[in-house]
Amino acid sequence: MNWFRPARLLPHEWFFGAFLLITWLRLVATVGPLDPDALLYLALLGVNAALIVWGEARETRPRWFTRLWFYPVLVNVVFMTMGSTALKLVPHRQDTLLQHIDVMLVGVTPSLRAQTLITPWLTETLSFCYLLFFPYLLISWVFYTWRGLPSFRRLCVGLFTIYAVGFLGYSIAPAAGPYLAMADQFNVPLTGWVFTRLNDYIVTHGSNGVDVFPSLHCAVSCYLLFFDRRHAPWRFRLYAVPCVGLWLATIYLRYHYFVDVLAGFALAAFALWLTKRWDASAGETSREPAFREPSISDHAPHLALR
């Protein structure tokens with residue numbers, strides 16, 4: 001059944017729209033419609049809807065790319081304000097709950113056990129891997145934009161579905177992470193050099209204070225890695241080892257609980273399935289004959305194989 005085509009919305013537009021609407025309604029019920037965060041989410045809903053309507057009114061490349069590139073902007077706005085939003089919806093951080101789940105799953109939060117492995121060289125290496133998330137994400141956006149509209153649209157389907165579901169998780173179970181909530185239980189310091197200090201600075205000043213469950217570092221990097229495996233295998237080969245290092249770093253560097261990482265991988269698997277399902281059932285290539293990327297045979301038909 002072709003269940004995407006009737007409304008002409010992309011899957012991530014459904015998911016992100018639902019996240020914005022649900023969060024706005026929760027804010028209205030909790031703090032009222034005139035709260036600054038409630039007004040922000042209402043405005044984001046309006047802009048998102050307007051861009052979709054504008055893009056559907058006349059499908060052109062500039063309109064499609066504007067519609068798709070709005071989501072990186074949207075992600076950054078939501079992330080930066082999520083600390084305020086989440087703690088209006090859930091009065092207390094849920095670190096204790098996540099720790100209890102870890103105990104049920106593996107006996108103790110793995111970051112505590114990882115203390116026996118700590119060395120400055122390992123800390124520096126895993127800090128470097130953790131930092132690679134940011135350039136890898138940005139380069140992926142640019143790379144698939146350069147590859148053309150079909151490729152970039154395909155990437156967005158899963159990527160921004162991950163962010164929508166992940167942000168909903170932040171707003172339901174806001175948490176600070178082991179490095180803050182369990183600081184008194186760690187007795188071995190994480191010491192390193194340039195990358196360790198840089199990573200610590202970025203996390204300390206760039207976190208919104210609730211960005212733990214699920215682990216979007218794991219979810220997004222896993223999605224991009226296996227998206228590359230299908231659509232740009234050379235990028236998969238280039239990033240596979242550092243990506244595994246990033247996953248280990250989320251635990252080793254004490255940023256995430258084990259349950260966060262599991263939820264992140266589950267979210268990535270869902271996004272990869274969703275992208276593949278949409279690609280097959282929505283007829284991605286059939287929707288845009290005017291945007292078909294040129295082939296050699298278009299310019300030199302006499303070279304086409306018989």
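Residues numbered from 1 in each chain as written. Predicted model: local features only at pLDDT ≥ 70, side-chain atom pairs only at ≥ 80, totals over all residues. Heavy atoms only, no water.

Trainee: How would you summarise the confidence of the model for the protein if you had to cite specific residues and measurements?
Mentor: For the protein, per-residue confidence averages 91 on the pLDDT scale, and 90% of positions sit at 70 or higher. Here residues 1-7 is a poorly scored stretch, pLDDT under 50, and it has 19 contacts once near neighbours within four places are set aside; other chains count. Low pLDDT, under 50, characterises residues 285-306; the stretch is placed with 23 contacts to residues that sit more than four places away or in other chains. (pLDDT = per-residue confidence, 0-100. Contact = heavy atoms within 4.5 Å.)

Trainee: If you had to explain the environment of Leu-155 to someone new, which residues and values would you point to?
Mentor: One can find Leu-155 in helix H8 (residues 149-172). With relative accessibility at 0%, the residue Leu-155 sits in the buried group. Expressed as a C-alpha distance, the spacing of Leu-155 and Leu-272, which sit 117 residues apart in the sequence, is 9.6 Å. The residues contacting Leu-155, other than those within four sequence positions of it, are Ser-140, Trp-141, Tyr-144, Tyr-223, Leu-224 and Phe-227. (Helix = DSSP H or I, 4+ residues; strand = E, 2+ residues; numbered from the N terminus. Buried < 20%, exposed > 50% of the residue type's maximum accessible area, 1.4 Å probe, protein only.)

Trainee: Talk me through the nonpolar core; I want residue IDs and the actual numbers.
Mentor: One finds Phe-16, Val-78, Tyr-163 and Phe-167 to be the most contacted residues of the largest nonpolar core, which totals 65 residues. Elements with a minimum of two residues in this core: helix H1 (11-31), helix H2 (36-57), helix H3 (61-89), helix H7 (133-147), H8, helix H11 (216-231), helix H12 (233-252) and helix H13 (258-281). Tallying contributions element by element places H8 first for this core, with 12 residues. (Core = buried A, V, L, I, M, F, W, Y, C linked by side-chain atoms within 4.5 Å.)

Trainee: Go over the packing of H1 against H8, please, and point to the residues and values.
Mentor: Contact geometry of H1 with H8 gives a least axis separation of 7 Å together with a crossing angle of 20°. By the criterion of interaxial angle, the relationship of H1 to H8 is roughly parallel. Note that H1 runs across H8; the crossing there is left-handed. Counting all contacts with H1, which are made through Pro-11, His-12, Phe-15, Phe-16, Phe-19, Ile-22 and Arg-26, the residues of H8 involved are Cys-156, Val-157, Phe-160, Thr-161, Tyr-163, Ala-164, Val-165, Phe-167, Leu-168, Ser-171 and Ile-172. (Axes fitted to C-alpha atoms, helices over the stretch in contact; angles between N-to-C directions. Parallel < 35°, antiparallel > 145°, perpendicular 65-115°, else oblique. Left-handed = near helix turned anticlockwise from the far one by under 90°.)

Trainee: So what about unusual backbone geometry? Which residues, and what values?
Mentor: With an omega of -5°, the peptide bond running from Phe-213 to Pro-214 counts as cis. As for its position among the elements, Pro-214 is in the loop between helix H10 (194-206) and H11. Unlike most non-glycine residues, Arg-254 shows phi in positive territory, near 75°. Mapping Arg-254 onto the fold places it in the loop between H12 and H13.

Trainee: Run through H11, naming residues and quoting values.
Mentor: Residue pairs spaced three or four apart in an α-helix point in one direction, given the helix's 3.6 residues per turn. With 16 residues, H11 extends 21 Å between its outermost C-alpha atoms, agreeing within 8% with the 22 Å of an ideal straight helix rising 1.5 Å per residue. Most of H11 is tucked away, with 13 of its 16 residues classed as buried. (Expected span 1.5 Å × (residues − 1).)

Trainee: So what's going on with the packing of aromatic side chains? Which residues, and what values?
Mentor: Scanning the model with the defined rule gives 29 aromatic pairs in all. Here Phe-167 and Tyr-170 contribute two aromatic rings whose centre-to-centre distance is 5.8 Å and whose plane-to-plane angle is 50°, an arrangement assigned as tilted. Placement of both Phe-167 and Tyr-170 in helix H8 is noted, with a separation of three residues, approximately one turn of the helix. A relative accessible area of 3% places Tyr-170 in the buried class. The ring of Trp-64 is capped by Arg-153, whose NZ or CZ atom sits 4.2 Å from the centre of that ring. The lysine or arginine in question, Arg-229, covers the ring of Phe-236, its NZ or CZ lying 5.8 Å from the ring centre. (Phe/Tyr/Trp six-rings, centres within 6.5 Å; stacked < 30°, edge-to-face > 60°. Lys NZ or Arg CZ within 6 Å of the ring centre and 35° of its normal.)

Trainee: Quick rundown of the packing of H1 against H3? Include the residues and the values.
Mentor: Remark: H1 packs on H3, axes separated minimally by 12 Å, with the N-to-C direction vectors making an angle of 30°. As summarised for this structure, H1 and H3 are arranged roughly parallel, according to the angle between their axes. Crossing of H1 against H3: the hand is left-handed. Counting all contacts with H1, which are made through His-12, Glu-13, Phe-16, Phe-19, Leu-20, Thr-23, Arg-26, Leu-27, Thr-30 and Val-31, the residues of H3 involved are Arg-67, Leu-68, Tyr-71, Leu-74, Val-75, Val-78, Met-82, Thr-85, Lys-88 and Leu-89. Of the residues contributing to the contact of H1 with H3, the split by class is 12 nonpolar, four polar and four charged. (Nonpolar A, V, L, I, M, F, W, Y, C, P; charged D, E, K, R; others polar.)

Trainee: A description of the pattern of salt bridges should follow, citing residues and the corresponding values.
Mentor: The tally for this structure, following the rule as stated, stands at six salt bridges. Of the charged contacts, one joins Arg-67 and Glu-56 as a salt bridge, the two residues approaching to 2.9 Å between their closest N and O atoms. One end of the pair, Arg-67, is in helix H3; the other, Glu-56, is in helix H2, with 11 residues separating them in the sequence. You can call Glu-56 partly exposed: its relative accessible area is 24%. Measuring nitrogen to oxygen at the nearest pair gives 3.1 Å for the salt bridge that ties Asp-279 to Arg-154. Taken together, the positions of Asp-279 in helix H13 and Arg-154 in helix H8 put the pair 125 residues apart, joining distant regions of the chain. Accessibility classification places Asp-279 together with Arg-154 in one group, the buried group. (Salt bridge = Lys/Arg side-chain N within 4 Å of Asp/Glu carboxyl O.)

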